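Examining the three-dimensional arrangement
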Amino acid sequence: KSDHLMNWYKMSFTLPAKRRDEATRRLLINAVGNGFIYLNGHLLGRFWQQGPQREYYLPESWLNWDDRANDLTVCLRPVKGYESIQAVEIAPYPDRRGE
């Protein structure tokens with residue numbers, strides 16, 4: 001149980017040199033709470049526990065490539081007394097050429 005009004009979570013990740021076939025990335029997140037997501041200081045969007053959105057597009061122009069650090073910051077307000085981040089993944093979009 002959290003007695004904070006809001007908690008901040010900061011994560012860092014790196015990406016290799018940008019390859020044309022893997023340039024578009026997405027964030028997959030599973031969390032408890034309501035709040036906002038920032039990528040390298042840019043507001044990426046809001047996270048709502050009850051909402052259907054768990055996937056976020058990561059604009060290529062906001063990403064740092066060539067093994068430079070990228071900062072992902074999430075602020076969450078407790079819902080029903082607690083908040084937490086359960087899983088975060090940065091991944092390329094699936095190949096959709098075969099569909």
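Residues numbered from 1 in each chain as written. Predicted model: local features only at pLDDT ≥ 70, side-chain atom pairs only at ≥ 80, totals over all residues. Heavy atoms only, no water.

Moving on to the sheet that holds strand E6 (residues 69–77). One open sheet accounts for four strands, arranged E1-E6-E3-E4; its pairing is antiparallel. Of all the strands in the sheet, just strand E1 (7–14) and strand E4 (42–48) have a single pairing partner and so form its edges. Each strand axis lies, on average, 20° off the axis of its neighbour in the sheet, ignoring direction. (Pairing = 2+ DSSP bridges. Helix = DSSP H or I, 4+ residues; strand = E, 2+ residues; numbered from the N terminus. Axes fitted to C-alpha atoms, helices over the stretch in contact; angles between N-to-C directions.)

What follows concerns the side chain of asparagine 7. Mapping asparagine 7 onto the fold places it in strand E1. Asparagine 7 sits in the buried class, given a relative accessible area of 18%. A polar atom in the side chain of asparagine 7 sits 2.4 Å from the side chain of glutamate 83. (Buried < 20%, exposed > 50% of the residue type's maximum accessible area, 1.4 Å probe, protein only. Polar contact = N/O pair within 3.5 Å; in protein donor to acceptor, adjacent residues only side chain to side chain.)

Moving on, we come to the sheet that holds strand E2 (residues 25–32). Judged by pairing direction, the sheet is antiparallel, and its three strands sit side by side in the order E5-E2-E7 without closing on themselves. On the outer flanks of this sheet lie strand E5 (55–58) and strand E7 (84–92), each paired with one strand and no other. Geometrically, the sheet is characterised by an average inter-axis angle of 25° between neighbouring strands, direction not taken into account. Summarising the sheet, E2 and E5 pair through four bridges and their orientation is antiparallel. Bridging from a neighbouring strand, leucine 28 pairs with glutamate 55 of E5.

Sheet analysis places strand E3 (residues 34–39) next to E4, joined by six bridges and oriented antiparallel. Looking at E4, one finds that glycine 35 is bridged to phenylalanine 47. Hairpin connection between E3 and E4: a loop of two residues separates the two successive antiparallel strands, and asparagine 40 in this loop has a positive phi of roughly 50°.

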